[in-house]
Amino acid sequence: MDILEKIIPRGREDYKCYDLIKYIISTNKDYKKIIENGLILDKIKPFDEELLQKFNMLNIRWPVKDIDEVLFLGGNIGGCTTMAHQLSFIIDKSYKCAGFLPILAGTKNCNDGTHTWVESPDGWIYDTSLMLIIHKSYKNEMGYKENIREAYDKLKFYSEQKEFALDDSLMSHQKK
């Protein structure tokens, strides 16, 4: 199985957002096997084109035109807290989870493995650094160590931020 073909949507092979997972797979055979097994068991899936399109439709307040540009430039790597927050706008009733993912320690912008991810109410972890969706039953195999869990919709100003991000009338960037 060519693992990269399974996790990188066709046409996005040159996107820098996948540089971290490419690096991990090429340098850590044990972790590569964990990801391969997760794919076989349907415990891991990629960010598919439908999710990426929804993500890209958000209004953002960054010095780029859209999320697609952030991903193309690799702005997700080392930006897990901001990226998870943005992604949460399209996953209703999601949770902000923070803690550690040891495989990230020593990688770009992540000296100690500190990490933030989104968990959906139906038990899927959305990891914007790895660009993978992992079922929470596979969390331990992947190495996630959760220290903080907060419902995004309980965070101060979250509803206003979500309303802005999803407001079709604003069109902060050219919608595709």
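In case you missed it, the structure is sitting above this.
Okay, so let's go over this structure.

Reading guide: rules and limits
Residues numbered from 1 in each chain as written. Predicted model: local features only at pLDDT ≥ 70, side-chain atom pairs only at ≥ 80, totals over all residues. Heavy atoms only, no water. Helix = DSSP H or I, 4+ residues; strand = E, 2+ residues; numbered from the N terminus. Buried < 20%, exposed > 50% of the residue type's maximum accessible area, 1.4 Å probe, protein only. Contact = heavy atoms within 4.5 Å. Pairing = 2+ DSSP bridges. Axes fitted to C-alpha atoms, helices over the stretch in contact; angles between N-to-C directions.

**Brief notes about the environment of Lys108**
Relative to the helices and strands, Lys108 resides in the loop between strand S2 (95-100) and strand S3 (114-119). Overall, the relative accessible area of 52% leaves Lys108 in the exposed class. It is 23 Å that separates the C-alpha atoms of Lys108 and Glu36, two residues lying 72 residues apart in sequence. Those residues within four positions of Lys108 in sequence are excluded, and the remaining contacts are Ile77 and Gly78.

**Side note on the sheet that holds S2**
Spatially, S1-S5-S4-S3-S2-S6 is the arrangement adopted by the 6 strands of the open sheet, whose pairing is antiparallel. The open sheet has two edge strands, strand S1 (44-46) and strand S6 (145-151), and neither has a second partner. The mean angle between the axes of side-by-side strands here comes to 30 degrees, regardless of whether they run parallel or antiparallel. Across 6 bridges, S2 lies against S6 in antiparallel orientation. Paired with Ala98 across the two strands is Ile148, which belongs to S6.

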